[in-house]
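Structural overview
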Amino acid sequence: MFPPNSDSWRRLHHRADRFVRPSRVSVPVRSLDPDWCEAAAGTASQRFSSVLAADSGWQQQGRSSSLENLAFGRDSRGSKEDKADAFLRNLRAAHLFQSSQAATSQDNRDKLHDYLSQCDECGLPRHNNELLSEISADLAPGAWAQPSDRTLTAGKAVRQQAAIWELCQTELNILRHLKTIIEIYIAVIHYLQSSASLLLDVDTDRLFPDVAAVFSSHCVLWTRHLRPALELAATSEGPVRPRDFAEGFIRFGEIFEPALAFCLRITESKDYLRQLEKNEAFNDFVKWAQKSSAKNYNSNDCSMDLQLKSLLTMPFQRLTKYGLLLQEIQRHTEDGEDREALELMIGSVSKFCNKMNSLYQDKADEEELRGIADRLEDAKTNEQLDALGEECSSQLSKFRLNLRSAMPHNGQPRRKLMEADVRLKDERGKWTDARLLLFTDLMLVTKVYGKRQLLRLLRTPVRLDKLEVCRLDCTSLVLAALTDFKSLDGLHCVTLPEQRLCDDWLERIRQAQAALQSQLSLEAYSVASHPKPVRWLSESQSPPPQPRHSQQLQQRPQQHHPIATSSSGGSGRVRATTLLEVATAASAGKIHAAHSSSELDAIEREPLPQPPSPGREQQQLSGKSQQFRMSEHRHTVLQQWYLSQHHREHSAPSSVLSRSPLRQKKQQQKQQKQPREQQQQRSNSAEEAGTSSATSAAAAAALIPARELTPERRRLMSYISSSGQAPEV
Amino acid sequence: MSKSVSKSVKPIKIVVIGSGGVGKSALTLQFSKSKFFLDYDPTIEDSFSKSCYIDNEMARLDILDTAGQEEFTSMREQYMRLGQAFLVVFSVTDRKGFEEVDSLIQLIYRVKDREAFPIMVAGNKIDLQNDRCIDQSLAQELVQRHQEFNPYCAYIETSAKTRLNVDLVFHDLVRLLRLYNAKGGSKQAKKSKCSLL
């Protein structure tokens with residue numbers, strides 16, 4: 001074939017040798033795509049025969065026999081599947097021959113390089129993502145160009161079109177990114193794992209959780225909404241109208257629901273990536289993937305940041321960009337109907353993002369809580385149990401503080417609010433380091449020790465509604481835990497490093513107490529539906545001044561720092577009475593904290609903090625959020641109304657889909673198959689179109705339970721049912 | 001700026017943060033595209049990298065623009081974790097945005113678990129002199145306060161519209177990062193475990 005020792009011979013020999021060396025082939029675990037195997041087998045056997053032809057001095061029988069099998073396998077089989085089978089079997093045989101040879105990591109990396117260069121030559125192994133194959137034509141660089149409309153002269157319309165085009169173009173880009181992940185990362189890793197036992201420690205499900213779901217969500221948005229709008233504009237030779245793709249964004253929550261899982265797991269996947277970066281073979285692979293993914297993008301976009309870390313962030317980041325893009329389109333839109341549609345689109349996108357945000361927050365909160373709960377040690381209980389002996393300890397071991405259990409008063413999960421290192425003065429007047437932890441319903445005083453930063457409880461956990469905070473000086477606080485009978489249970493004197501921190505803590509404790517207090521009252525109200533708590537609630541909303549207590553305290557000017565004097569010891573009785581007074585006043589919901597008599601003076605004039613503050617779960621119950629819920633509801637009704645209008649306009653429910661020529665063809669075929677059924681359906685849909693305005697009103701009405709009808713909603717309802725005119729947004 | 005050089009340089013991840021509407025995207029787009037958009041300003045830049053020579057040394061900048069994420073606070077840390085250097089943008093015409101700068105910087109320290117980190121504070125939109133409500137001295141003061149313990153923090157005034165200091169702000173940030181790395185910034189004592197929300 002070639003004269004031995006010629007350049008081309010050497011090159012060929014080298015390549016063939018690299019490919020067929022059996023140590024680099026191993027047992028496949030899963031079946032491969034037949035097409036690809038055929039190509040690979042083809043290359044392999046071609047090389048092999050040229051090696052045989054050129055190098056008659058092939059020494060190792062075992063090697064050549066397995067290679068012969070390889071070549072034989074290709075020739076004797078007819079169908080593609082058989083070829084794939086044979087290829088795998090031969091690879092397996094070759095692997096078994098060499099299995100005794102221990103592979104070093106360097107060998108593995110060489111092997112990886114060979115496989116990857118093989119991927120470069122024969123094309124990528126096929127992924128089994130049908131959607132991706134379906135839209136890959138759209139993703140080819142230059143497949144879609146910005147529609148140029150010469151009829152547009154007004155600057156605003158030109159900018160509107162440019163903004164819409166930006167939305168579409170960036171959507172294509174995100175699809176390309178996802179394609180890169182699916183095609184280059186996941187598929188090749190799977191291939192390497194199955195056919196070469198390489199990168200076996202890489203778990204693609206952990207690294208790219210639910211990427212397929214994210215991809216299909218974006219696909220739906222593109223193929224059902226954005227692309228048809230572009231096509232419609234192209235056929236009508238007019239501008240792209242926002243209302244043509246409105247449905248995709250109004251149903252945003254529905255479409256992107258599956259993508260949420262990815263977004264919530266992104267932190268873990270990035271942590272996993274950080275672990276994997278220690279693996280050299282994986283780094284080699286990532287380098288290769290980064291290089292070969294460039295071809296997925298437009299050549300002029302070579303400045304694209306294709307690091308894996310960025311790729312992982314993109315789908316998540318994309319979701320928050322839609323709002324911006326739609327706002328931009330709206331800024332340049334003049335048509336009333338389009339503006340209205342955009343308003344709804346922006347509303348539903350931001351609703352989704354807010355939901356994602358709060359889900360994410362919940363998850364972060366839960367993880368933080370778990371971190372603390374895992375490190376928490378109930379030191380006192382341990383000592384007590386030891387003292388009582390084993391029998392007792394087995395009985396009592398179930399009584400431990402479980403931070404992760406739901407809060408007893410409302411069953412909601414607990415959240416950590418604050419954490420700080422403080423100096424704590426103990427009963428004997430000695431100072432120790434401690435860590436203070438504030439949760440939504442309790443406070444812990446702990447000590448940190450050991451490498452694992454274990455937290456040992458120094459004091460019994462304090463219920464926030466039984467806690468009284470007093471300020472000593474600018475950086476010190478006295479925390480008084482009370483019993484059910486309003487007597488003193490425990491007294492903790494803490495000093496914070498800075499005044500700012502101290503202010504912060506005081507503020508946060510007050511807020512948390514107020515939130516808890518209002519939750520407790522709501523709970524009491526909903527459980528017993530007793531008139532008394534209702535009165536309590538209304539009282540707390542418009543707090544009357546409490547002259548009695550403040551006056552009492554005012555009358556004791558000599559006890560300027562009642563608690564400070566007490567801490568010096570000696571006047572124990574004074575301490576008890578003053579503290580108790582402060583405490584009783586506070587527990588009655590009248591005084592929240594006081595650090596000097598001058599502040600107590602101020603209480604008279606100062607309104608109490610509004611009880612229903614933070615606590616997301618609690619906000620849903622408070623009066624303020626009722627309003628919010630109503631506007632959400634209104635949004636839903638408007639959405640419903642808009643969608644039904646949209647349907648009426650195009651008569652058939654699948655009107656948006658049917659605009660695509662391909663789909664039209666498919667539908668025609670279907671119609672030929674089942675002409676009768678289809679005709680019947682069509683007549684039905686014509687009837688429906690006539691009544692859809694009425695049905696939409698009915699649907700909207702069904703959404704609103706009768707007892708919840710407020711005047712505002714009634715007005716909205718009448719808007720909807722009358723003549724299909726748009727209600728004011 | 002040959003391609004082979006740019007490939008061999010390890011990219012620097014810069015994260016641009018700031019409250020909504022202060023011109024984060026405008027700054028990054030101006031820097032990356034180095035051109036004006038006459039009829040239309042793009043709203044977002046997906047993600048991009050740019051190579052340039054800074055002090056005769058090649059640098060590849062991967063810039064992550066966080067526009068649109070301002071209100072989704074729980075997701076903010078995701079971006080911050082990626083960053084090796086931060087550009088905190090505020091608008092000199094917007095008091096609220098300026099007030100947020102301090103808390104954003106605090107958040108960077110917390111997420112990065114460092115007391116010092118390369119941070120560039122940019123006062124944008126200085127072309128709108130008439131609407132200006134944040135004085136240069138006010139911003140300088142804020143940055144000086146941070147410089148007491150974070151020497152890798154600096155302030156600069158920019159205008160994405162007139163392209164004033166747009167390159168400089170990114171270049172200076174890379175200089176800060178180099179300084180930080182040279183001083184063994186990554187090995188610096190970790191921030192004490194005390195963390196406050």
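As recorded in an unreviewed UniProt entry, chain B goes by Small monomeric GTPase and comes from Macrostomum lignano.

Where an unreviewed UniProt entry is consulted, chain A appears under the name DH domain-containing protein, with the organism given as Macrostomum lignano.

So, on to the overall build of chain A. Counting its secondary structure elements, chain A contains 29 helices and 9 strands. Relative to its 729 residues, chain A shows a buried fraction of 45%. Partitioning the contacts of chain A with sequence separation of at least 6, the portion at a separation of at least 24 is 70%.

This brings us to the overall build of chain B. Helices and strands together make up the secondary structure of chain B, namely 6 helices and 6 strands. A total of 197 residues make up chain B; the buried ones form 55% of that total. A separation threshold of at least 6 residues defines the contact pool for chain B, and within that pool the share at least 24 residues apart is 76%. When the accessible surface of chain B is split by element, carbon and sulfur atoms take 49% of a total near 8700 Å².

Our focus in this paragraph is the interface of chain A and chain B. At the interface, 44 residues of chain A touch 34 residues of chain B. The three residues of chain A that bury the most area against chain B are A:Gln317, A:Lys321 and A:Asn357, which together make up 14% of that side's buried surface. Linking chain A with chain B are 0 salt bridges. In this assembly, chain A and chain B are joined by 7 residue pairs in polar contact (both at pLDDT 80 or more). Contributing elements (two or more residues each) for the side of chain A that touches chain B: helix 7 (155-196), helix 12 (260-276), helix 14 (308-331), helix 15 (336-375), strand 2 (416-425) and helix 18 (499-528) of chain A. Element by element, the count of residues in the side of chain A that touches chain B is highest for helix 14 of chain A, at 12 residues. Looking at side-chain class alone, the side of chain A that touches chain B contains 17 nonpolar, 14 polar and 13 charged residues.

Time to look at the sheet that holds strand 5 (residues 119-124) of chain B. Residues and elements named next belong to chain B. Reading across from one edge, 2-3-1-4-5-6 is the order of the 6 strands in this open sheet, with mixed pairing throughout. Of all strands in the sheet, those bounded by a partner on one side alone are strand 2 (48-54) and strand 6 (153-157). Neighbour-to-neighbour, the strand axes of this sheet turn through a mean angle of 25°, independent of strand direction. Inspection of the sheet shows strand 4 (residues 85-91) paired to strand 5 by 6 bridges, in the parallel sense. Following the sheet pairing, valine 89 is matched in strand 5 by alanine 122. Across the sheet, helix 4 (residues 95-112) lies against strand 1 (11-17), strand 4 and strand 5, angled at about 165° from strand 4, the strand it touches most.

Here the focus is the confidence of the model for chain B. Residues and elements named next belong to chain B. Residues with a pLDDT of 70 or more make up 85% of chain B, whose mean pLDDT is 84. The spread of mean pLDDT over the elements of chain B runs between helix 1 (residues 3-8), the lowest at 48, and strand 5, the highest at 96. Scored below 50 in pLDDT, residues 1-6 makes 9 contacts in the model with residues more than four places away or belonging to other chains. Scored below 50 in pLDDT, residues 191-197 makes 21 contacts in the model with residues more than four places away or belonging to other chains. The ipTM, which scores confidence in the relative placement of chains, is 0.86 for this predicted complex, and the corresponding pTM is 0.65.

All names here are of chain A. Residues other than glycine seldom take positive phi values, yet glutamate 237 does so here, at roughly 55°. The class of glutamate 237 is exposed, set by a relative accessible area of 65%. In the Ramachandran plot, lysine 486 falls in the positive-phi region, its phi being about 65° despite a non-glycine side chain. Owing to a relative accessible area of 32%, lysine 486 belongs among the partly exposed residues under this scheme.

Turning our attention to the side chain of B:Thr28. All names here are of chain B. In this structure, threonine 28 sits in helix 2 (residues 24-33). Accessibility expressed as a relative area gives 0% for threonine 28, which makes it buried. Leaving out residues up to four positions away in the same chain, threonine 28 has contacts with Val16, Phe48, Ile63, Asp65 and Phe170.

Bringing the pattern of salt bridges into the picture now. All names here are of chain A. Across all of its chains, the model carries 34 salt bridges over all chains by this definition. One salt bridge connects aspartate 338 with arginine 243, and the closest N-O pair in it is separated by 2.8 Å. Here aspartate 338, found in helix 15, pairs with arginine 243, found in the loop between helix 9 (211-236) and helix 10 (246-250); they are 95 residues apart in sequence, far enough to count as distant. Residue classification places aspartate 338 among the buried positions, given a relative accessible area of 4%. Notably, a salt bridge pairs lysine 363 with glutamate 367, separated by 3.8 Å at the nearest N-O pair. Here glutamate 367 and lysine 363 lie together in helix 15, a separation of 4 residues that amounts to about one turn.

Next up on the list: the pairing of strand 3 (residues 431-439) of chain A. The side chains of a regular strand alternate between both faces of the sheet. Residue and element names in this part refer to chain A. With 9 bridges connecting them, strand 2 and strand 3 associate as antiparallel partners. Across the sheet, the residue bridging to leucine 424 is threonine 432, located in strand 3. Counted between consecutive antiparallel strands, the loop separating strand 2 from strand 3 contains 5 residues, among which glycine 429 sits at a positive phi close to 85°. Pairing geometry for strand 3 and strand 4 (residues 442-449), over 4 bridges, is antiparallel. The residue bridging arginine 435 from the neighbouring strand is threonine 446, located in strand 4. Linking strand 3 back to strand 4 in an antiparallel pair, the connection comprises 2 residues.

Moving on: the packing of helix 7 of chain A against helix 13 (residues 280-293) of chain A. Residues and elements named next belong to chain A. At a minimum axis distance of 10 Å, the contact between helix 7 and helix 13 shows a crossing angle of 140°. One way to sum up the angle between helix 7 and helix 13 is to call them oblique. For the pair helix 7 and helix 13, the crossing hand works out as right-handed. Here Thr180, Ile184, Tyr185, Val188, Ile189 and Leu192 of helix 7 come into contact with helix 13, specifically with Phe282, Phe285, Val286, Trp288, Ala289, Gln290, Ser292 and Ser293.

Linking two cysteines covalently via their sulfur atoms produces the bond known as a disulfide. The full count for this structure, using the stated rule, is 0 disulfides over all chains. Looking at the unpaired A:Cys263, the closest cysteine sulfur is the one in A:Cys353, lying at 9.0 Å.

Another point: the pairing of strand 6 of chain B. Residues and elements named next belong to chain B. For strand 6, a buried count of 5 out of 5 residues is recorded, marking the element as mostly surrounded by other parts of the structure. In terms of strand pairing, strand 5 meets strand 6 through 5 bridges, oriented parallel. Among the inter-strand pairings, valine 121 is bridged to a residue of strand 6, identified as tyrosine 155. Of the crossover connections in this fold, the one passing from strand 5 over helix 5 (residues 136-147) to the parallel strand 6 is right-handed.

Moving on, we get to the packing of helix 2 of chain B against helix 6 (residues 166-182) of chain B. Residues and elements named next belong to chain B. Closest axis-to-axis distance for the helix 2/helix 6 pair is 9 Å, and the angle between their directions is 90°. Judged by the inter-axis angle, helix 2 sits roughly perpendicular to helix 6. Judged by residue contacts, Leu27, Thr28, Gln30 and Phe31 of helix 2 engage Val166, Asp167, Phe170 and His171 from helix 6. Residues of the contact of helix 2 with helix 6, tallied by class, amount to 4 nonpolar, 3 polar and 1 charged.

What counts as what
- Residues numbered from 1 in each chain as written.
- Chains lettered and ligands numbered in written order.
- Predicted model: local features only at pLDDT ≥ 70, side-chain atom pairs only at ≥ 80, totals over all residues.
- Heavy atoms only, no water.
- Helix = DSSP H or I, 4+ residues; strand = E, 2+ residues; numbered from the N terminus.
- Buried < 20%, exposed > 50% of the residue type's maximum accessible area, 1.4 Å probe, protein only.
- Contact = heavy atoms within 4.5 Å.
- Areas by Shrake-Rupley, 256 points an atom, 1.4 Å probe, with all protein chains shown as cover.
- Buried area = accessible area lost by both parts, 1.4 Å probe.
- Salt bridge = Lys/Arg side-chain N within 4 Å of Asp/Glu carboxyl O.
- Polar contact = N/O pair within 3.5 Å; in protein donor to acceptor, adjacent residues only side chain to side chain.
- Nonpolar A, V, L, I, M, F, W, Y, C, P; charged D, E, K, R; others polar.
- Pairing = 2+ DSSP bridges.
- Axes fitted to C-alpha atoms, helices over the stretch in contact; angles between N-to-C directions.
- pLDDT = per-residue confidence, 0-100.
- Parallel < 35°, antiparallel > 145°, perpendicular 65-115°, else oblique.
- Left-handed = near helix turned anticlockwise from the far one by under 90°.
- Disulfide = S-S within 2.5 Å.
- Right-handed = clockwise from strand over helix to strand, strands pointing away.

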